[in-house]
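Here is how the chains run, residue by residue.
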Amino acid sequence: MAVHENTTPLVELEGINKIFGGIHALRDAHCRIHAGEVVALVGENGAGKSTLVKTMTGLYQPNSGTIRVKGQAVRLATAKAASEYGITAIHQETTLFEELSIVENIFMGHPRTKPSGLLDWAAMRSEAREHLERVNLDVEPTTLLKQLSLGQQHMVAIARALAEAADVVIMDEPTASLSSNEIEKLYVIIEKLRDLGKGILFISHKFDEVFRIADRYVVFRDGAFVGDGNIAEVTEHDLVKMMVGREVGTVFPKRAVEIGAPLLEVASLSNGIEFKDVSFTLHKREILGFYGLVGAGRSEVMRAIMALSPYPFTGQIRLDGVPANWKICGDAIDAGVVYVPEDRRNQGAILPLSIRDNIALPSMKRLARGIWPDKSAERRLAQEYGRVFEIRAASIEQPVEDLSGGNQQKVVLARWLATNPDVVIVDEPTRGIDVGAKSAVHEALAEMVEQDLSVLLVSSELPELMGMADRIIVMRLGEMVAEFTRDDFSAELIAAYATGARAPQPAREVA
Amino acid sequence: MSVSHEAPADLPAPPTLSVGKILRSRELVLIGLLAMVFIGGNASSPWFLDIYNLLDSTAIFSEIALMALGTALVIITRDIDISMASILALSSLVMGLASQHLGLGAVPLVLIGLATGALCGAVNGTLVARLGMPAIVVTIGTMSLFRGIAAGILGDGKIAEFPTAFTAIGQSYLFGMIPLSFVVFILLSVVFVVLTHFTVLGRNLFALGNNPEGARYSGVRTNRLRFLLFTLNGLMAGLAAVFLTARLGSTRPDIAMGLEMEVITMVVLGGVSISGGKGTITGVVLAALVIGFLRLAVTLNNVPGNILIVFTGLLLIGSVALPIIGEKYAYLFKLMRRPRN
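Conventions and cut-offs
Residues numbered from 1 in each chain as written. Chains lettered and ligands numbered in written order. Predicted model: local features only at pLDDT ≥ 70, side-chain atom pairs only at ≥ 80, totals over all residues. Heavy atoms only, no water. Helix = DSSP H or I, 4+ residues; strand = E, 2+ residues; numbered from the N terminus. Contact = heavy atoms within 4.5 Å. Areas by Shrake-Rupley, 256 points an atom, 1.4 Å probe, with all protein chains shown as cover. Lys, Arg positive; Asp, Glu negative; His and termini not counted. Charge placed at Lys NZ, Arg CZ, Asp CG, Glu CD. Buried < 20%, exposed > 50% of the residue type's maximum accessible area, 1.4 Å probe, protein only. Pairing = 2+ DSSP bridges. Phe/Tyr/Trp six-rings, centres within 6.5 Å; stacked < 30°, edge-to-face > 60°. Lys NZ or Arg CZ within 6 Å of the ring centre and 35° of its normal. Axes fitted to C-alpha atoms, helices over the stretch in contact; angles between N-to-C directions. Parallel < 35°, antiparallel > 145°, perpendicular 65-115°, else oblique. Left-handed = near helix turned anticlockwise from the far one by under 90°. Buried area = accessible area lost by both parts, 1.4 Å probe. Salt bridge = Lys/Arg side-chain N within 4 Å of Asp/Glu carboxyl O. Polar contact = N/O pair within 3.5 Å; in protein donor to acceptor, adjacent residues only side chain to side chain. Nonpolar A, V, L, I, M, F, W, Y, C, P; charged D, E, K, R; others polar. 1 Å grid on protein atoms, 1.4 Å probe; cavity = no way out; pocket = protein on both sides within 12 Å on 5 of 7 lines; lining within 4 Å. Points joined across faces, edges and corners; volume = space filled by probe spheres on them. Patch = residues over 30% accessible without salt bridge, like charges linked within 9 Å, V, L, I, M, F, W, Y side chains within 5 Å. Domains from an automatic or database assignment.

(A) Up close: the overall build of chain B. Of regular secondary structure, chain B possesses 14 helices and two strands. A principal-axis box enclosing the C-alpha atoms of chain B has dimensions of 90 × 55 × 35 Å. Expressed as a percentage of contacts within chain B between residues at least 6 apart in sequence, the contacts between residues at least 24 apart total 80%. Of the roughly 16000 Å² of accessible surface on chain B, a fraction of 69% belongs to carbon and sulfur atoms. Put simply, chain B has 21 plus and 15 minus side-chain charges, and the middle of one group is 10 Å from the middle of the other.

Given below as C-alpha cells:
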C-alpha cells in the first residue's frame, strides 16, 4: 500500500532528538503513519522504539524535533494531550484495572456523564457493548476484568482505545503474552481497524508477525532511523540486517567440548504442589535443556534447587558428590550454583541501584573484607564485566533502570557470572529480546561451557534448546515425561511429549 | 549497509561521592533549615544561643532521636514500625516493677529495660519476617498490645521508686553541661552511619529496600535482616525508655504516648523515603537537631508545646514540597528557554 505518499499522514515525527543523561536515545528520528495502514516498528532492544512511542504519546518531551498531527505541528505535553490528538498506545503489560468491570476500564479517565454531572452508566454500557463487538469480544460489559483471559484483556485495551476515538493506535508487542489462537484473533481486529481508516503502529520482535500483518516497516538502530519501505519489497534477511547492522548467523554457536563427570545430581525432587519426582544429572561442561509448556514446573524446580521456593520439598541434591543442604539462595551461590531468573525487572536486578552495586551484590561475600565492602574491587569487577558483556552506559555508577532492555539483560547475566560459578541455571534468557541480543546470549552460553561451566537451560523456544543443549528433558504438569540426547533431537517428538500428545516415556534409571 | 564495530571502551568509574551529589543532597537543605532555626531563635530570644540552654534542650529530643535511628533503618527496608512508643512504655514499666518489687540496682535495671525493648522488637520481627505479616498491621497490633499490658498492670497508678543511681542517668552531664542521653545519641549516630553506609549489612539494607525479591535472589538473607532491624528498633526503644524513665524519675502507662509519630516525622524530615530504598543517617541526625532546636526556640518564646507541632508539621510538608515545586519550575524554565522550531 504505497499509495499514501501524497496524502497527509495522521502522525508525522521529524528530526526528533531525545537525550537522557548523556545517552542519545533518539537521534534525528522520523516516522510517518497514514490512515488505513499498519506500520511495523522494528529494531533491537535499545534501538529507541520505546522512547519513540513515549514521545508520540506525550510521556517524553523531545529535546528537539517536530511532531505533526494531520499536518499540524503540535506539542504533546502530556499523555492526555496525545490522546486528545487521537494517539493512543496499548502497552505490553496492559495498564488496566483488574478489580474493575470492562465498562469502568473502557471509560476510565473519560466517562460519559448525564447533564446533571452524574455518571451515565446506561450510555457507557451500551457504548461499551458496541466497542466490544468491534473487537469481537462477546462478554457482558459488566464482567470484572480479572475474569477474562490475558488475550481478552488485550481486546478490552483495544476497545478502550476505540472509545477514546483514537486515530492512531500504537501496539507495543501486543502478542507477547497471547496464545496463538488469540494472536490470530488480534490480527483480524487489526485488519478491521485498518479498514476503519485507523493508523496502526505495530511493535514486535517476531518477523513472522511483521510479515503477516504490516503494510510498511520502519527500522531503527541505536536511536536513529535506518530505513523504511513496503513490507512486500523486503525479505526477513534484509530486515534483520538493517536492524542489527551486520549479518546475523542463524546457526547456533554450539562448540564441541568434552563433557565431564557428573556435577549436579538431583534425585526424586518433589514438593507436592508444583513438581513430582524430578531426577536428573548435570555433567561438567554440559548444557542440559528443560523444555515444557508454561506451567510445566521447570522454573519451580530450579527455584527449589536454589532454596528460593516458598514450599518445602523432598529429595536429594548433590553437588560434586556432596549433599547440598542450602537454606537460602546465598548458600547455593557460595557453593557455586547461580540462577539467572526470567523476570529481569523484579528478580534479576535491583533497578534503582547502579551497575556497580548490581554486579557486586551477588559477589559481595568474596569481594568484601569481613563486614567492610571493597569499593575498588567492586569497580574493577564492574568494569571487567561491563567490558566482557559490552554494556552500554554512561558509567558504572549509572542506575540500571536508565539502561535499555538489552543492556539490562546484559547486567543481569553479568552479575551472576561475576560470582565465578560452576553451575549456571538460566531461565528463559532470550525471552523478549531481539535477534542481535539473542545471538549474544547464545554466544555467552557457548563460552560458558568452554570455560568449564555447566548450564541448566530452561527455555520455551525449541530451536534455541535444540541448537544449544546437549540433552533435553521434557516436563509436563510437573513431571519429567521424556529425555532426548543431541543425536535424537526431534522437534515433533519433543513437542508431542510437552503437550501430552504422547504418553510419557517409561521411567529411566536415575544416573 | 556496513557498520563499523568499534572495540568496547571501558565504562568510566567515577567516584561514588561527587560535589554535585552533595550540593543536591537532602543534608544541605537540612543544614540550611538548621541555620534558619538558629538565626530565628537568636532573633526572637536572647537566651537561645546560650550554650547551657542549647545543650540542656538536647536531653528532651535525644530519646526520640535514638528511636529515629532504628526506625530509619526499618523504613529504608520498606517496613514500618509504629510500636516504638509502646515498647518504650512497656520497657519502662518492667524496669519500674523490677525496681519496686526486686529492689534491683541501676545496672540490672538498665539491662532489663534494654532486654524488654529488644524482646518486644523481636516479637514484631518474628511476625513480620517469619510469618510474612504486613509490618503496618503487626505494629498497629503490638502498639496497642504492649501499651495495653502496661496499662493492665498499672491501671492509673505510677511507679516512682527508683534507686538514685538509676535516676542519676537522667541527670548526668558530660563536662557538667552535655546531657548523657545526647552523648549516647551522638556516639550511636556515628555507629549507625558506619553500619548503614560503610558495611556489607548497609549495602544489603539498600538492596532490600529497593527490591526485596531482587535482593533475595542475589543471596541476601532478607528475612533475617528484617528480623534484626525490628529487634534493633526495639532495643533502641528500650534505651530511650532508660533515659526517659531516669529523667522523669517515675513511670506511668501513658508515658511517651504518641511519640511514634514524632519519631517518624524525624525520619521522614531527614530524607528517608517512606517507600523505602533511600535515605541517610546523617539526614536523620540533622532532622533531629532541627526539630529539637526549633522546639527550644518556640518554648523560649513562651509558645505552648501544642503549637510546636504546627511548626514541625509545616516543616515536614514544606521541606518535602519545596524541592518538588522547585523541580517543576526548573523544568518550565527549561521549556521556555528551549529554542522554538
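Still more ground to cover, so stick around.
(B) Structural context of the overall build of chain A. Secondary structure summary: chain A contains 18 helices and 20 strands in total. C-alpha atoms of chain A, sized along the principal axes, occupy 75 × 50 × 50 Å. Buried positions account for 54% of the 511 residues belonging to chain A. In chain A, the proportion of contacts linking residues at least 24 apart, taken out of those at least 6 apart, comes to 66%. As displayed, chain A has an accessible area near 21800 Å², and 50% of this comes from carbon and sulfur atoms. Averaging the positions of the 55 positive and the 70 negative side-chain charges in chain A gives two centres separated by 4 Å.

(C) Representation of the pairing of strand E8 (residues 199-203) of chain A within the structure. Residue and element names in this part refer to chain A. Buried residues dominate E8, accounting for five of its five residues. With burial as the criterion, each face of E8 is covered, one bearing Gly199, Leu201 and Ile203 and the other bearing Ile200 and Phe202. Both strand E7 (residues 168-172) and E8 contribute to a ladder of five bridges, which runs parallel. The partner of Val169 across the bridge, within E8, is Ile200.

(D) Up close: the packing of aromatic side chains. As enumerated under the stated definition, the model contains 11 aromatic pairs over all chains in all. Relative to Phe290 of chain A, the ring of Phe280 of chain A lies with its centre 5.0 Å away and its plane at 75°, an arrangement referred to as edge-to-face. Linking Phe280 of chain A in strand E12 (residues 278-283) with Phe290 of chain A in strand E13 (residues 287-291), this pair joins segments that are 10 residues apart in sequence. Each member of the pair, Phe280 of chain A together with Phe290 of chain A, is buried. Pairing Phe38 of chain B with Phe48 of chain B gives two aromatic rings, centres 5.5 Å apart and planes at 80°, and the pair type is edge-to-face. Note that Phe38 of chain B is positioned in helix H2 (residues 26-44) and Phe48 of chain B in the loop between H2 and helix H3 (51-76), a separation of 10 residues in sequence. The partly exposed category is assigned to Phe38 of chain B, whose relative accessible area is 25%. Ring pairing ties together the aromatic residues Phe38, Phe48, Phe61, Phe182, Phe185 and Phe293 of chain B, which thus form one cluster. Positioned above the aromatic ring of Trp416 of chain A, the side-chain terminus of Arg415 of chain A is 4.6 Å from the ring centre. The side chain of Arg130 of chain B reaches across the aromatic face of Phe227 of chain B, ending 5.7 Å from its centre.

(E) Expanded view of the packing of helix H5 (residues 150-163) of chain A against helix H6 (residues 180-195) of chain A. Residues and elements named next belong to chain A. Contact geometry for H5 and H6: axes closest at 10 Å, N-to-C directions at 10°. Considered as vectors, H5 and H6 are oriented roughly parallel to each other. Regarding H5 and H6, the two cross each other, and that crossing is right-handed. Where H5 abuts H6, its residues Gly151, Gln152, Met155, Ile158 and Leu162 lie against Glu182, Lys185, Leu186, Ile189 and Leu193.

(F) Main features of the interface of chain A and chain B. At the interface, 53 residues of chain A touch 34 residues of chain B. Buried area between chain A and chain B, summed over both chains or domains, comes out near 3600 Å², and the portion from carbon and sulfur atoms is 57%. Seen at the junction of chain A and chain B, the total is three salt bridges. As a salt-bridge pair, Arg221 of chain B and Asp331 of chain A come within 3.5 Å of each other at their nearest N and O atoms. Our count for the chain A to chain B interface comes out at 13 residue pairs in polar contact (both at pLDDT 80 or more). Elements represented by at least two residues in the side of chain A that touches chain B include exactly helix H10 (329-335), helix H11 (344-348), helix H12 (355-360), helix H14 (375-388) and helix H15 (405-417) of chain A. For the side of chain A that touches chain B, the element with the most residues is H14 of chain A, which contributes six residues. Counted by class, the side of chain A that touches chain B contains 27 nonpolar, 11 polar and 15 charged residues.

(G) Fine view of the environment of Thr51 of chain A. Residue and element names in this part refer to chain A. Residue placement: Thr51 occurs in helix H1 (residues 49-56). The spatial distance from the C-alpha of Thr51 to the C-alpha of Pro62 is 9.4 Å, given a sequence separation of 11 residues. Beyond its immediate stretch of four places on either side in the chain, Thr51 contacts Lys18, Phe20, Ala25, Leu26 and Tyr60.

(H) Summary view of the sheet that holds strand E14 (residues 314-319) of chain A. Residues and elements named next belong to chain A. Strand order in the open sheet formed by four strands is E12-E11-E14-E15, and the pairing between neighbours is antiparallel. Only two strands of the sheet have a single partner each, and these edge strands are E12 and strand E15 (322-323). By the bridge criterion, five bridges tie strand E11 (residues 262-270) to E14 in an arrangement that is antiparallel. Residue Leu264 lies in a different strand from E14, and its bridge partner there is Leu319.

(I) Summary view of the layout of surface pockets. As a volume, the second largest pocket reaches approximately 2300 Å³. Around the second largest pocket, the lining is made up of 47 residues, and of these Lys21, Ser25, Lys278, Gly279 and Thr280 of chain B lie nearest the centre. When residues of the lining of the second largest pocket are traced back to their parent elements, those giving at least two are H12 of chain A together with helix H1 (19-23), H2, helix H8 (180-198), helix H9 (200-210) and helix H14 (305-337) of chain B. A class-by-class count of the residues in the lining of the second largest pocket yields 20 nonpolar, 16 polar and 11 charged.

(J) Representation of a nonpolar patch on the surface in the model. All names here are of chain B. Side chains of Leu131, Met133, Ile136, Val137 and Ile140 sit close together on the surface and give an oily, nonpolar patch of about 430 Å² of accessible area. Within the secondary structure layout, Leu131 lies in the loop between helix H5 (106-130) and helix H6 (135-154). Overall, Leu131 belongs to the exposed group, its relative accessible area being 60%.

(K) Examining the pattern of salt bridges more closely. Counted under the stated rule, the structure contains 32 salt bridges over all chains. Taking the shortest distance from any N to any O, the salt bridge between Glu262 of chain B and Arg295 of chain B comes out at 3.2 Å. Pair noted here: Glu262 of chain B is in helix H12 (residues 259-269) and Arg295 of chain B is in helix H13 (residues 281-300), with a separation of 33 residues, a long-range link. Since its relative accessible area comes to 30%, Glu262 of chain B is described here as partly exposed. Linked through salt bridges whose partners overlap, the residues forming this network are Arg356, Asp357, Glu378 and Glu397 of chain A together with Arg203 of chain B.

(L) Main features of the domain arrangement of chain A. Residue and element names in this part refer to chain A. Along its sequence, chain A is organised into domain 1 (8-86 + 167-241), domain 2 (97-165), domain 3 (260-336 + 421-511) and domain 4 (351-420). Its C-alpha centre places domain 1 at a distance of 25 Å from the equivalent point of domain 2. Carbon and sulfur atoms supply 63% of the area buried between domain 1 and domain 2, which totals about 1200 Å² over both sides. Taken together, the links from domain 1 to domain 2 amount to zero salt bridges. Connecting domain 1 to domain 2 are two residue pairs in polar contact (both at pLDDT 80 or more). Counting residues per element, the ones that place at least two in the side of domain 1 that touches domain 2 are helix H2 (79-84), E7 and H6. With seven residues, H6 is the largest single contributor of residues to the side of domain 1 that touches domain 2. Classifying every residue of the side of domain 1 that touches domain 2 by side-chain character gives nine nonpolar, three polar and six charged.

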